[in-house]
Amino acid sequence: MTSLAVLHASQVVTLSGPKRPRVGTELSALGILHNGGMLIRDGKIERVGLSDEIEKNVGDEEIVDAGGRVVMPGFVDAHTHLVFAGNRLDDFERRARGETYEQIAKAGGGIWSTVQKTRAASELDLLTQAKKHANWFLSCGTTTVEAKSGYGLTVEDELKLLRVMRQLKKEVRLEIVPTFLGAHAVPRELSPDEYSDVVITEMLPRVTAEKLAEFCDVFCERGYFNIDQSRKILSAAKKVGLSLRGHVDQLTNSGGAKLMAEMGATTADHLEQTDEQGIAALKKANVQPVLLPGSVYALGSSRYPRAREMIEAGLAIVLATDFNPGSSPTPSMPMVLSLACTQMKMSPAEAITASTVNAAYSLNRGDKIGCLEPGKLANFVIFDCENYGELAYWFGIPQTHAVYVKGECVSKS
Ligand SMILES: [Zn+2]
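Residues numbered from 1 in each chain as written. Predicted model: local features only at pLDDT ≥ 70, side-chain atom pairs only at ≥ 80, totals over all residues. Heavy atoms only, no water.

**So, the packing of helix α9 (residues 256-263) against helix α10 (residues 276-284)**
Then step 1. At a minimum axis separation of 8 Å, α9 and α10 run at an interaxial angle of 15 degrees. Looking at the two axes, α9 sits roughly parallel to α10. For the pair α9 and α10, the crossing hand works out as left-handed. Facing α9, whose interface residues are Ala257, Lys258 and Ala261, α10 presents Gln277, Gly278, Ala281 and Leu282.
Then step 2. Residue composition of the contact of α9 with α10, by class: four nonpolar, two polar and one charged. (Axes fitted to C-alpha atoms, helices over the stretch in contact; angles between N-to-C directions. Helix = DSSP H or I, 4+ residues; strand = E, 2+ residues; numbered from the N terminus. Parallel < 35°, antiparallel > 145°, perpendicular 65-115°, else oblique. Left-handed = near helix turned anticlockwise from the far one by under 90°. Contact = heavy atoms within 4.5 Å. Nonpolar A, V, L, I, M, F, W, Y, C, P; charged D, E, K, R; others polar.)

**A word on a nonpolar patch on the surface**
Then step 1. The grouping of Tyr393, Trp394 and Ile397 at the surface amounts to a nonpolar patch, some 370 Å² of accessible area in total.
Then step 2. By the element assignment, Trp394 lies in the loop between α16 (390-393) and β16 (400-405). (Patch = residues over 30% accessible without salt bridge, like charges linked within 9 Å, V, L, I, M, F, W, Y side chains within 5 Å. Areas by Shrake-Rupley, 256 points an atom, 1.4 Å probe, with all protein chains shown as cover. Salt bridge = Lys/Arg side-chain N within 4 Å of Asp/Glu carboxyl O.)

**Some words on helix α7 (residues 192-209)**
Then step 1. Over its 18 residues, α7 runs 25 Å from end to end, which matches the ideal 26 Å to within 8%, given 1.5 Å per residue.
Then step 2. Within α7, the axis deviates most sharply at Met203, by approximately 40 degrees, and proline Pro205 lies no more than four positions further along.
Then step 3. Turning to α7, its buried residues are Tyr195, Ser196, Val198, Val199, Met203, Leu204 and Val207.
Then step 4. In the segment just after α7, Lys211 is the residue with positive phi, at about 50 degrees. (Expected span 1.5 Å × (residues − 1). Bend = angle between axes of the 7 residues up to and from the residue. Buried < 20%, exposed > 50% of the residue type's maximum accessible area, 1.4 Å probe, protein only.)

**Some thoughts on the coordination of the zinc ion**
Ideal values for angles at a metal depend on the geometry: 109.5 degrees with four tetrahedral donors, 90 or 180 degrees with six octahedral donors.
Then step 1. Within the protein, the atoms that donate to the zinc ion are His79 (NE2), His81 (NE2), His247 (NE2) and Asp322 (OD), at distances of 2.1 to 2.4 Å.
Then step 2. Around the zinc ion, the four donor atoms sit at angles spanning 84 to 169 degrees, and that spread fits a shape best called irregular.
Then step 3. Positions of the donor residues of the zinc ion, expressed as sequence spacing, correspond to H-x1-H-x165-H-x74-D.
Then step 4. Taking the relative accessible area as the measure of exposure, His79 reaches 0% and is therefore buried. (Donors = N, O, S within 2.8 Å, 3.2 Å for Na, K, Ca; no water. Tetrahedral: all angles 85-135°; square planar, octahedral: opposite > 155°, others 65-115°.)

**A few points about the pattern of salt bridges**
Then step 1. Scanning all chains against the criterion turns up 27 salt bridges.
Then step 2. Residues Arg163 and Glu210 are paired through a salt bridge, measuring 2.8 Å at the closest nitrogen-oxygen approach. Of this pair, Arg163 sits in helix α6 (residues 155-171) while Glu210 sits in the loop between α7 and β9 (215-220), and the two are 47 residues apart along the sequence.
Then step 3. Since its relative accessible area comes to 22%, Arg163 is described here as partly exposed.
Then step 4. Residue Glu210 is classed as partly exposed on the basis of its relative accessible area of 24%.
Then step 5. Between Glu210 and Arg166 there is a salt bridge; the shortest N-O distance is 3.9 Å. One end of the pair, Glu210, is in the loop between α7 and β9; the other, Arg166, is in helix α6, and 44 residues separate them in sequence.
Then step 6. Looking at Arg166, the relative accessible area reads 36%, which means it is partly exposed.
Then step 7. What emerges from the salt-bridge pattern is a single network uniting Glu146, Lys148, Asp217 and Arg245.

**Quick notes on the environment of Lys258**
Then step 1. Take Lys258: it is sitting in helix α9.
Then step 2. Exposure remark for Lys258: the relative accessible area of 42% places this residue in the partly exposed category.
Then step 3. Ignoring sequence-local partners within four residues, the contact set of Lys258 consists of Gln277 and Ala281.

**Describing the side chain of Ser355**
Then step 1. Position of Ser355 relative to the elements: it lies in the loop between α14 (348-354) and α15 (357-362).
Then step 2. With near-sequence residues (within four places) excluded, Ser355 lies in contact with Phe75, Val76, Leu319, Met333 and Leu337.

**Things to note about unusual backbone geometry**
Then step 1. Positive phi outside glycine occurs at Lys211, with the angle close to 50 degrees.
Then step 2. Mapped onto the elements of the fold, Lys211 is located in the loop between α7 and β9.
Then step 3. Even without being a glycine, Asp249 presents a positive backbone phi close to 50 degrees.

**Digging into the side chain of Ser230**
Then step 1. Along the chain, Ser230 turns up in helix α8 (residues 227-239).
Then step 2. On the basis of relative accessibility, which here comes to 0%, the residue Ser230 falls in the buried class.
Then step 3. Beyond its immediate stretch of four places on either side in the chain, Ser230 contacts Val218, Cys220, Phe225 and Leu259.

Any functional reading would require information beyond the geometric quantities listed.
Now the structure itself:
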């Protein structure tokens, strides 16, 4: 494996700190080294320090001159729907004409159109499209993504999606953390109760027997899965050893955050409608909120989750893209940073912590990735700017200079 000496970074944003997700003022402590560098051996970080000190210790390492740019941990995107067929350009154009979600669904659009295309696609077709998506993520500076199934909604089609993820892991350098989201929507063939039974008695046993997922997720929302159905599915998943995430309180404040607290979930995602009681419940149970401003933006809404209240309540906040063909067609964490700062009044430093180290903990990987310190994997990005804040400030322009996974350059501009 390659050994590297990274030199002359204007800032090495280490995010070094306590070995747990960051809260409150810790979210602003980025552990920046000015004119910094790193020594990397066998894919891991061996030393982080001032560039001059690192240079003194250089032996036969390959030199990477950061040239006065920012060096940061690769982004960890803790909520994506990475694998699907086709796109939803039709929906996009309809929304631009002012049609509502209900009108679009009636006209044959919405999630159901992606389900039909995904069911019809072969594993190879899905793999080919997913590879393209994976390379988008890398080129935006993301080195790890969580990825959900959920566009199959039959036993075989859900397994197909999870198997594509397993194959994708072998073929791309992006790290993929698989989540089973059989309860993403109710298929037209069944009632919500009937389908919940299928998820619990037919899908979950197969998913766990083949070790296809680390997490189980559910879309708890009016018209999808109610609190009781969601509780049943999550309880069954917990019993077979999966950790829990949930799409909750996105369109209505239906008590989803409280349910995730009750279940001891790792994360509660979306939370656009969550109130103070929901926030207090998440705090009490140490559930990490995963906020997805890209989907609020792309749906043309202005109801962003209450990030500031969550930070003030002491929650270990996470930001993610929600990459999916319907409501958030972006793989770009820098775009999400921009939205977090302009629409949710987070500072650039808070947004970076939420999308690196906190996101890593939300995927049970805080001991391996998310910050730049000795012993961690050398997953890092060189961005073409001098100050980390520029990542959130300039928007709509790629600033990625080079991306490294386990010390190997996987994307270069
Ligand atoms: Zn989602």
